[in-house]
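# Summary of structural features
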Protein chains: 2
Amino acid sequence: MLLYHDTRAPNPRRVRIFMAEKGVAYDAIEVSIDAAANRTPEFRKKNPLALLPVLELADGRILRESMAICRYVEELHPDPNLFGGDPWERAVIEQWSRHAELELLIPITGVFRNTNKYWNGRIKQIPEYAEILRELVAGRFDWIDGELATRPYLAGSRFTVADITALCGIDYGKLSGIAIDAATHPHLAAWHARVSGRPSAKA
Amino acid sequence: MLLYHDTRAPNPRRVRIFMAEKGVAYDAIEVSIDAAANRTPEFRKKNPLALLPVLELADGRILRESMAICRYVEELHPDPNLFGGDPWERAVIEQWSRHAELELLIPITGVFRNTNKYWNGRIKQIPEYAEILRELVAGRFDWIDGELATRPYLAGSRFTVADITALCGIDYGKLSGIAIDAATHPHLAAWHARVSGRPSAKA
């Protein structure tokens, strides 16, 4: 398997952490978003949306979208499972996985896109919209801190794909001044230390 | 099973169509977003995010998030499957399901939120941001029209959950003046007629 990724982007990191948790080996090619290597006609043949990550199989088949890639890898390498072991656990993990994406990763990415000088001149930025997202994320931190008061990981007693998404989202927030304040959100901070301490977090 | 929904919102509709395709019976309670019934302390016990849909099981367990609900129903009622029958098919359906959500449903919902008078005074609207989303969706229509030139459904030769998400997203666009122009996007228009003609589309 060949993974097209950018070491600095949050979505490819989700796949790299997932692979590391599974102990799955793969080849990787860096596609620099900074150098617009994702926007070349050649790369657009692999992904017309010019997004990363992309997985290419040995027979040439292409798979886009971080969660489609992770689910496929889970099927090929079921242990340890990160999407759940029975119907109800899979449903709860999916619920938290979506919360992590829709309430953290996506809005946090939106703050970056609409405020960081990196995107200045590349896209039309609306800092006013970023402030709305920033406020939303602050509220989600409050909520998730309360949730994590009751259990060590987002979806329950063990580490799952939901934690991977939340970690990649929150860490990406550092570039936009979004950080966990341990005094205000002690449970979220403890969770962050817990998941960041796993070897996979360096992937 | 008891489904909390709002007949006019796109995410509950995804679940209703999914249930109809499966032939699964369920009870339903309308939670009017218009009347702020989703924002009461009582409903927030079921979903602190005040979002719909929510599924409540007979034993009181609660599941939030449309796709978590659909996946759980798929596990209980596997035939006909709408998430795929083997690892590769499941991966491809997941890829298209995410494209349908991230590239159609979510931006189209964003246009509505930032322009419709319904939200005026309820949230801070940024019409300028809606225009960015509108342009993005127009580009996605171009892309998906080309994809649908090669096959009858988003993920391949048969109807899947990816088509449900795309249908709910595109139909919701009507409220914001987003519509398929059959002259420009004939394949997308033919697909829309095909999926809208299924009995489940009325659910």
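Computed from a predicted structure; not experimentally measured.

Residues and elements named next belong to chain B. Examined bridge by bridge, strand β1 (residues 2-5) and strand β2 (residues 27-30) share four bridges and lie parallel to one another. Paired with Leu 3 across the bridge in β2 is Ala 28. Viewed along the sheet, the connection from β1 through helix α1 (residues 10-22) into β2 turns out right-handed. Note that β1 and strand β3 (residues 54-56) share three bridges and pair antiparallel.

So, about the sheet that holds strand β4 (residues 62-64) of chain A. Residue and element names in this part refer to chain A. Taken in spatial order, the four strands of this open sheet run β2-β1-β3-β4, and their pairing is mixed. Edge positions in the sheet fall to β2 (27-30) and β4, since each of these pairs with one other strand and no more. Pairwise comparison of adjacent strand axes, ignoring direction, gives a mean angle of 20° for this sheet.

On to the relation of the copies chain B and chain A. Superposition record for chain B on chain A: RMSD 0.0 Å, screw rotation 180°, translation along axis 0.0 Å. Both copies are brought into coincidence by an operation consistent with a two-fold rotation axis. Across chain B, the rotation axis passes nearest the C-alpha of Tyr 129 of chain B, at a separation of 3.7 Å.

Glancing now at the sheet that holds β3 of chain B. All names here are of chain B. Judged by pairing direction, the sheet is mixed, and its four strands sit side by side in the order β2-β1-β3-β4 without closing on themselves. A single partner strand is all that each edge strand has here, and the edge strands are β2 and β4 (62-64). Direction aside, neighbouring strands of the sheet carry axes that sit 20° apart on average. Of the pairings in the sheet, the one linking β3 to β4 comprises three bridges and is antiparallel in character. By the bridge assignment, Glu 56 is partnered in β4 with Ile 62.

Residue and element names in this part refer to chain B. Given a rise of 1.5 Å per residue, 29 residues ought to cover 42 Å, and the 41 Å separating the end C-alpha atoms of helix α4 (residues 87-115) matches this to within 8%. For α4, the principal kink sits at Glu 101 and spans about 35°. Among the 29 residues that make up α4, 21 are buried, leaving the element largely enclosed by the rest of the structure.

All names here are of chain A. For chain A, the assigned domains are domain 1 (2-76) and domain 2 (87-202). Computed from C-alpha atoms alone, the centre-to-centre distance between domain 1 and domain 2 is 21 Å. With eight residues of domain 1 at the contact, the number on the domain 2 side is 11 residues. Examining the composition of the side of domain 1 that touches domain 2, we find that seven residues originate from one element, helix α1 (residues 10-22), more than from any other. Of the residues in the side of domain 1 that touches domain 2, the class split is five nonpolar, no polar and three charged.

Facing 22 residues of chain B, the contacting portion of chain A comprises 22 residues. Of the residues contributing to the side of chain B that touches chain A, the split by class is 12 nonpolar, one polar and nine charged.

One broad trend across soluble globular proteins is that nonpolar side chains are buried collectively. Membership of the largest hydrophobic core comes to 106 residues, with the highest contact counts inside it found for Phe 18 of chain A together with Phe 18 of chain B. In contact with Phe 18 of chain B, not counting residues within four places along its chain, are Cys 70, Val 73, Leu 82, Val 161 and Ile 164 of chain B.

Axis angle and axis distance: for two packed helices, these are the angle between their axes and the distance between the axes, and together they describe the pair. Residue and element names in this part refer to chain A. Put simply, α1 and helix α3 (residues 66-76) touch, their axes get as near as 9 Å, and they point 10° apart. The angle between α1 and α3 places the two elements in the roughly parallel class. On α3, the residues that touch Asn 11, Arg 14, Val 15, Phe 18, Met 19 and Lys 22 of α1 are Ser 66, Ile 69, Cys 70 and Val 73. Looking at the contact of α1 with α3 residue by residue, the class counts come to six nonpolar, two polar and two charged.

Now for the environment of Glu 94 of chain A. With respect to the helices and strands, Glu 94 of chain A occurs in helix α4 (residues 87-115). Distance in space between the C-alpha atoms of Glu 94 of chain A and Ala 36 of chain A is 33 Å, their sequence separation being 58 residues. Excluding residues within four positions of it along the chain, Glu 94 of chain A makes contact with Glu 65, Met 67, Ala 68 and Arg 71 of chain B.

Residue and element names in this part refer to chain A. The peptide bond linking Leu 52 to Pro 53 adopts the cis configuration, its omega dihedral lying at 0°. Of note, Pro 53 is situated in the loop between α2 (41-46) and β3 (54-56). Cis peptide bonds are those with omega within 30 degrees of zero, and the linkage from Asp 79 to Pro 80 qualifies with -5°. One can find Pro 80 in the loop between α3 and α4. A positive phi angle, near 60°, is found at Ala 36, a position not held by glycine.

It is the contact of α4 of chain A with helix α3 (residues 66-76) of chain B, at a shortest axis distance of 8 Å, that shows an interaxial angle of 165°. Between α4 of chain A and α3 of chain B, the crossing angle belongs to the class labelled roughly antiparallel. Remark: the crossing between α4 of chain A and α3 of chain B carries right-handed chirality. Seen from α4 of chain A, the contacting residues are Pro 87, Arg 90, Ala 91, Glu 94, Gln 95 and Arg 98 of chain A; seen from α3 of chain B, they are Met 67, Ala 68, Arg 71, Tyr 72, Glu 75 and Leu 76 of chain B.

About the cut-offs
- Residues numbered from 1 in each chain as written.
- Chains lettered and ligands numbered in written order.
- Predicted model: local features only at pLDDT ≥ 70, side-chain atom pairs only at ≥ 80, totals over all residues.
- Pairing = 2+ DSSP bridges.
- Helix = DSSP H or I, 4+ residues; strand = E, 2+ residues; numbered from the N terminus.
- Right-handed = clockwise from strand over helix to strand, strands pointing away.
- Axes fitted to C-alpha atoms, helices over the stretch in contact; angles between N-to-C directions.
- Least-squares fit on C-alpha atoms with pLDDT ≥ 70 in both.
- Expected span 1.5 Å × (residues − 1).
- Bend = angle between axes of the 7 residues up to and from the residue.
- Buried ≥ 20, exposed ≤ 12 C-beta atoms within 10 Å, placed from the backbone.
- Domains from an automatic or database assignment.
- Contact = placed C-beta atoms within 7 Å.
- Nonpolar A, V, L, I, M, F, W, Y, C, P; charged D, E, K, R; others polar.
- Core = buried A, V, L, I, M, F, W, Y, C linked by C-beta atoms within 7 Å.
- Parallel < 35°, antiparallel > 145°, perpendicular 65-115°, else oblique.
- Left-handed = near helix turned anticlockwise from the far one by under 90°.

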